[in-house]
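Residue-level structure breakdown
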Amino acid sequence: MKLLTFSSLFPNTVKPSHGIFVETRLRYLLASGQVESKVVAPVPWFPSQNPRFGDYAAFSKVPATETRYGIDVTHPRYLVIPKVGMTAAPWLMAQACKKEIGRIIDEGYDFDVIDAHYFYPDGVAAVMLGKYFNKPVVITARGTDINLIPQYALPRKQLMWAANNATGMITVCNALRDEMIGLGISGERIVALRNGVDLQRFVPMDRAAARTQLGMDGFTVISVGVLDPRKAHDLTIGALPMLPDVKLLIAGIGPERKKLEALAASLGVTDRVKFLGAVPQTELKHYYNAADAMVLASSREGWANVLLESMACGTPVVASNVWGTPEVVAAPEAGVLMKERTAKGIADALTALRRDYPDHAATRRYAEGFSWDDTTNGQLTLFSRIINSRGALPAGQRAVA
């Protein structure tokens, strides 16, 4: 089967962790040997590489083409109009990618299905492109695209149009599937295929050695995620006055850093909070292994990969009870769900975790139940059904007379 993977959420040489969950799922799918794919990962166009322009300048440094793990990736530029361009984004993205996708087909890669990730604007743009190139489209919903975007009237209308015209849809948890059905989308065309965890990358290590290497002592928790309001690092910092012997590591970058530093200072916990900045995936396993717990206080999460990454290293978690998270943290050895998403809720949950702390090996075994195998098989079944229903044969197969 030949896929065209389409998403603006895909890693690149400038932002190697950007949308890494999309790349990881694709890598495991390709490892089945039954699929090949090329990736079209559009990035915003911006005329300057001056660092003072932040993310926009960083995107301008992304190469036009690159190869990652043997996968060919192209990065067409599309126009982004800040603040006022939300409703035009799908059309602008689709228009910018037509030429590149046409080139891919002309050079001999006539793919069977467009495999799109994130419903808005990517999924809407993918359906536009599917109609233009006469290709079926599968869209994966991942969280905010379903639990936030529909609050806006015009984007919701476009999202519903894409859902009604997509050949198939995937959600990363059952909660998102239920939400889509609640929006009026037919559940018959939606399959829940949860994300897995890379059990080869995130592995238990010598915990004492990891702590020594990172200079850690005392009960230490780690919070991983972009520094923005949705991840609610402020609540985790706010829990520290109620946990006088706990230290906190925060891995991530984002616009809230100065605000969070000021909060730590105002609460008198600066000496117990360390901002790590951006931590590469290859280094995260050391921090997960060294920490005593991982905390995720997000207000919205489709399927939080960081929870499984921590568990795969044997480290239990404390997490907010939102969206797909209860499907991830579903046993005592996994960790504790907060009873309320507040600073006190975090403090109470961490206290409960410490009172009945799970065995690290049991936490790892729990994570091993979330391999990528089921997700890969689910995708293969879905893509095969779509290709066969169109009377097409996957690439490399011939009709038998």
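Described below are features of the structure shown in this document. (Residues numbered from 1 in each chain as written. Predicted model: local features only at pLDDT ≥ 70, side-chain atom pairs only at ≥ 80, totals over all residues. Heavy atoms only, no water.)

The next thing to look at is the sheet that holds strand β13 (residues 273-277). Spatially, 6 strands are ordered β13-β12-β11-β14-β15-β16 in an open sheet, and the strand pairing comes out parallel. This sheet does not close on itself; its edge strands, each paired only once, are β13 and β16 (335-337). Neighbour-to-neighbour, the strand axes of the sheet open up by a mean angle of 20 degrees, direction not taken into account. Two strands pair when backbone bridges link them, and strand β14 (residues 293-296) and strand β15 (residues 317-319) are joined in this way by 3 bridges, in the parallel orientation. (Pairing = 2+ DSSP bridges. Helix = DSSP H or I, 4+ residues; strand = E, 2+ residues; numbered from the N terminus. Axes fitted to C-alpha atoms, helices over the stretch in contact; angles between N-to-C directions.)

Another point: the packing of helix α1 (residues 20-30) against helix α16 (residues 373-389). When two helices pack together, you describe them by how their axes are tilted relative to each other and by the distance separating the axes. Packing of α1 against α16 leaves a shortest axis separation of 9 Å and a crossing angle of 75 degrees. Considering their axes alone, α1 and α16 lie roughly perpendicular with respect to each other. Residues Arg25, Tyr28 and Leu29 of α1 lie in contact with α16, whose contacting residues are Thr375, Thr376, Gln379, Leu380 and Phe383. Here the contact of α1 with α16 is built from residues that sort into 4 nonpolar, 3 polar and 1 charged. (Parallel < 35°, antiparallel > 145°, perpendicular 65-115°, else oblique. Contact = heavy atoms within 4.5 Å. Nonpolar A, V, L, I, M, F, W, Y, C, P; charged D, E, K, R; others polar.)

We now examine the pairing of strand β8 (residues 137-141). Note on strand geometry: in a regular strand, side chains alternate between the two faces of the sheet. In terms of burial, β8 is a largely internal element, 5 of the 5 residues being buried. Of the two faces of β8, the one holding Val137, Ile139 and Ala141 and the one holding Val138 and Thr140 are both buried throughout. Both strand β7 (residues 113-117) and β8 contribute to a ladder of 4 bridges, which runs parallel. Residue pairing across strands places Ala116 opposite Ile139, the latter belonging to β8. Traced from β7 through helix α4 (residues 119-133) to β8, the parallel crossover comes out right-handed. Here β8 runs beside strand β9 (residues 168-171); their pairing, made up of 4 bridges, is parallel. (Buried < 20%, exposed > 50% of the residue type's maximum accessible area, 1.4 Å probe, protein only. Right-handed = clockwise from strand over helix to strand, strands pointing away.)

The peptide bond linking Tyr120 to Pro121 adopts the cis configuration, its omega dihedral lying at 5 degrees. With respect to the secondary-structure elements, Pro121 resides in helix α4. For Ala232, which is not glycine, the phi dihedral falls at a positive 55 degrees. Mapping Ala232 onto the fold places it in the loop between β11 (219-224) and α9 (233-239).

The next thing to look at is helix α14 (residues 343-355). Here α14 is 13 residues long and its end C-alpha atoms lie 18 Å apart, about the 18 Å a rise of 1.5 Å per residue gives. Three or more residues of α14 are buried, namely Ala343, Gly345, Ile346, Ala347, Ala349, Leu350 and Leu353. Check the buried side of α14 and you find it contacts β11, α9, β14, β15 and β16. (Expected span 1.5 Å × (residues − 1).)

Orientation of helix α8 (residues 207-214) relative to helix α11 (residues 281-290), taken along the N-to-C sense of each, is 110 degrees, at an axis distance of 8 Å. In this view, α8 runs roughly perpendicular relative to α11, as classed from their interaxial angle. Handedness of the crossing formed by α8 with α11: left-handed. The residues of α11 that touch α8, namely those facing Arg207, Ala210, Arg211, Gln213 and Leu214, are His286, Tyr287, Tyr288, Asn289 and Ala290. Broken down by class, the residue content of the contact of α8 with α11 amounts to 5 nonpolar, 3 polar and 2 charged. (Left-handed = near helix turned anticlockwise from the far one by under 90°.)

Further remarks concern the packing of aromatic side chains. For the structure shown, the criterion picks out 5 aromatic pairs. On the numbers, 5.9 Å between centres and 65 degrees between planes, the contact of Phe202 with Tyr288 is edge-to-face. With Phe202 in the loop between β10 (190-192) and α8 and Tyr288 in helix α11, this pair connects stretches of sequence that are 86 residues apart. Both residues of the pair, Phe202 and Tyr288, belong to the buried class. Pairing Trp303 with Phe370 gives two aromatic rings, centres 6.1 Å apart and planes at 50 degrees, and the pair type is tilted. Placement of Trp303 in the loop between β14 and α12 (305-312) and of Phe370 in the loop between α15 (360-367) and α16 is noted, with a sequence separation of 67 residues between them. Both residues of the pair, Trp303 and Phe370, belong to the buried class. Members of the aromatic cluster, joined through ring pairs, are Trp303, Tyr366 and Phe370. Above the face of the Phe59 ring, Lys15 is positioned so that its terminal group lies 4.4 Å from the ring centre. The lysine or arginine in question, Arg354, covers the ring of Phe219, its NZ or CZ lying 4.0 Å from the ring centre. (Phe/Tyr/Trp six-rings, centres within 6.5 Å; stacked < 30°, edge-to-face > 60°. Lys NZ or Arg CZ within 6 Å of the ring centre and 35° of its normal.)

On to the sheet that holds β10. Spatial ordering of the open sheet is given by β4-β5-β2-β1-β7-β8-β9-β10, a layout of 8 strands whose pairing is mixed. Either end of the sheet is taken by a strand with one partner, and the two such strands are β4 (65-68) and β10. Between one strand and the next, the sheet's axes are offset by a mean angle of 25 degrees, whatever the strand orientation. Bridge count between strand β2 (residues 36-40) and strand β5 (residues 71-74): 2 bridges; the pairing is parallel. Looking at the pairing, Val39 lines up with Val73 of β5.

Taken together, Trp45, Leu79 and Ile81 make up a surface patch of nonpolar side chains, about 280 Å² in accessible area. Within the secondary structure, Leu79 is located in the loop between β6 (77-78) and α3 (89-106). Classification of Leu79 as partly exposed rests on a relative accessible area of 41%. (Patch = residues over 30% accessible without salt bridge, like charges linked within 9 Å, V, L, I, M, F, W, Y side chains within 5 Å. Areas by Shrake-Rupley, 256 points an atom, 1.4 Å probe, with all protein chains shown as cover. Salt bridge = Lys/Arg side-chain N within 4 Å of Asp/Glu carboxyl O.)

Relative to the helices and strands, Asp348 is located in helix α14. Linking Asp348 and Val318, residues 30 residues apart in sequence, is a C-alpha distance of 10.0 Å.

Purely geometric stuff here, so don't read any function into it on its own.
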